[in-house]
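Chain and residue survey
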Amino acid sequence: MSKNLTSRAEDYSKWYNELVVKADLAENSAVRGCMVIKPYGFAIWEKMQAELDRMFKETGHQNAYFPLFVPKSLFEAEEKNAEGFAKECAVVTHYRLQNDPDNKGKLRVDPEAKLEEELVVRPTSEAIIWNTYKGWIQSYRDLPILINQWANVVRWEMRTRLFLRTAEFLWQEGHTAHATKKEALVEAELMNNVYAEFAENFMAIPVIKGVKTESERFAGAEETYCIEALMQDGKALQAGTSHFLGQNFAKAFDVKFTNNEGKLDHVWATSWGVSTRLMGALIMTHSDDKGLVLPPNLAPFQVVIVPIYKNDEQLDTITEKANGIIKELKTLGVTCKFDSRTTHRPGAKFAQHELQGVPLRIAIGPKDLENGTVELARRDTLSKETVSMSELSSTISSLLGVIQDELFNKALNFRDTHITEVDDFETFKDVLESKTGFISAHWDGTAETEQKIKELTKATIRCIPMDAKTIDGVCVYSGKPSTKRVLFAKAY
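Residues numbered from 1 in each chain as written. Predicted model: local features only at pLDDT ≥ 70, side-chain atom pairs only at ≥ 80, totals over all residues. Heavy atoms only, no water.

Here we look at the pairing of strand β16 (residues 268-275)
Taken across its eight residues, β16 has eight buried, putting it largely inside the fold. Neither face of β16 is exposed, since W268, T270, W272 and V274 on one face and A269, S271, G273 and S275 on the opposite face are all buried. Note: strand β10 (residues 168-178) against β16, eight bridges, orientation antiparallel. Paired with T176 across the bridge in β16 is T270. The pairing of strand β13 (residues 236-246) with β16 spans five bridges and is antiparallel. Directly across from T241, in β16, lies its bridge partner G273. (Buried < 20%, exposed > 50% of the residue type's maximum accessible area, 1.4 Å probe, protein only. Helix = DSSP H or I, 4+ residues; strand = E, 2+ residues; numbered from the N terminus. Pairing = 2+ DSSP bridges.)

Following this line, the structure appears as structure tokens:
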């Protein structure tokens, strides 16, 4: 299976597209720009969902659900948000079909069924949610509201790629309301930290926490916090964002509350989200020319057992032993699958599980039963070792932690060796094309310079790092004074 994959060195984009399909993660659908997430891909997303959901609830958030459709009048209430998403909106104009009198057996839109007001298919839910919050909030006693929604959204993309950019995608979106600016700012930064913790501890992806420039902010936000990751091809990927919305949406929807001094004030807001784009990040950070490499913390199953046998009697004996191993591993919190399919030979099973990135593979044959050992193979290093059955569970439990840590450290080393400080524009362009990765350079703080660099190089300012030090310098492009380095990169 993996032999048919294009190599990353030959064509990284083609490698990615092939891997998503051949590893049975997702495929294109009959709807242009939309994808079908297949069971194995959805199993990874479910594990992401479960961990994030746990982290949200531990920080005091609750889940709710809001409508898919947003009346156009509500959507356009916050002008910056409406303007920012207008070109990506799918719009419902009619509510009924009818038999087409000119084409027997076909349907047409009923011209008499035009909606009084168009409905926008949500590209994001601030409008419908803040219109709802207006009825929930009267006084400071009703605050804070800490809500998260697991949902799908539609952004009508013309150029799509599975997981990374599709017209419809799955995500979570948090929407919170607060009594003070300080509370809202703390919330926005807290959730960005939650995303960073999840990316590093579960996805084994090192990220840089920062804030976006004004031109890169979420439409309608006063500040956008983000986590930026670096893929193996040297391109950056925005892995999550958290927005301080100020009072913009509260003013647009007239959401006021009586504060503890008895005065009316507008509510302060945040929103934050990650999407199935994280699947793309996971694939591109760790995988190789043989297929997926999954961190144990997110693998649908962490261990697969493949029996090697010549007859049913041998299979029965191996199955009994495998069931005992699975039971023992389960008590340690390790997920394990016994691949007893009789329709596939062991070699084909090995190839499939390698392609799908199962962290550890156990092979058991008659000789292994005689010797009381198994062959244990690691997906990340492709190394194999013979392990005593009596030590198997403890070895696996320990090894899964080692694999998780080593995947993170490998990605961290790649990231850190691909952050290059640059002080002149010619070097900037050269590094961008030859070495790739993040470029740390001074910027004069103007949107004009930011746009010019983007036009000339296709590189954008990914973020102003949270830990950026104040250092006097000159802008890499304009030569004007600058007090901080920012991170540029080409990005997905």
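What to know about the environment of L282
By the element assignment, L282 lies in helix α8 (residues 277-286). Judged by relative accessible area, L282 falls into the buried class, the value being 2%. When the C-alpha atoms of L282 and W136 are compared, they prove to be 38 Å apart, with 146 residues separating the residues in sequence. For L282, the contacting residues outside a window of four places in its chain are I44, M48, M203, I205, L294, P295 and L298. (Contact = heavy atoms within 4.5 Å.)

Looking at the sheet that holds strand β20 (residues 373-378)
With mixed pairing, the five strands of this open sheet are ordered in space as β18-β17-β19-β20-β21. Whereas interior strands pair on both sides, the edge strands pair on one side only; in this sheet they are β18 (336-338) and β21 (384-388). Put simply, the sheet's adjacent strands are angled 25 degrees from each other on average, direction ignored. Both strand β17 (residues 303-307) and β18 contribute to a ladder of three bridges, which runs parallel. Bridged to V303 within β18 is C336. Against the sheet, helix α10 (residues 346-355) touches β17 and β19 (360-364), its axis set at about 170 degrees to β17. (Axes fitted to C-alpha atoms, helices over the stretch in contact; angles between N-to-C directions.)

A few points about a nonpolar patch on the surface
On the surface, a nonpolar cluster with roughly 290 Å² of combined accessible area is contributed by L97, L107 and V109. Turning to its location among the elements, L97 is positioned in strand β6 (residues 97-99). Judged by relative accessible area, L97 falls into the exposed class, the value being 53%. (Patch = residues over 30% accessible without salt bridge, like charges linked within 9 Å, V, L, I, M, F, W, Y side chains within 5 Å. Areas by Shrake-Rupley, 256 points an atom, 1.4 Å probe, with all protein chains shown as cover. Salt bridge = Lys/Arg side-chain N within 4 Å of Asp/Glu carboxyl O.)

Some thoughts on unusual backbone geometry
The residue after L143, namely P144, is reached through a cis peptide bond having omega 0 degrees. Take P144: it is sitting in the loop between α5 (126-136) and β9 (145-154). With phi around 65 degrees, D24 is a residue other than glycine that occupies positive phi space. Looking at the secondary structure, you find D24 in the loop between α1 (12-22) and β1 (26-28). For D24, a relative accessible area of 32% puts it in the partly exposed group. Although it is not a glycine, F163 adopts a positive phi angle of roughly 70 degrees. Among the structural elements, F163 can be located in the loop between β9 and β10.

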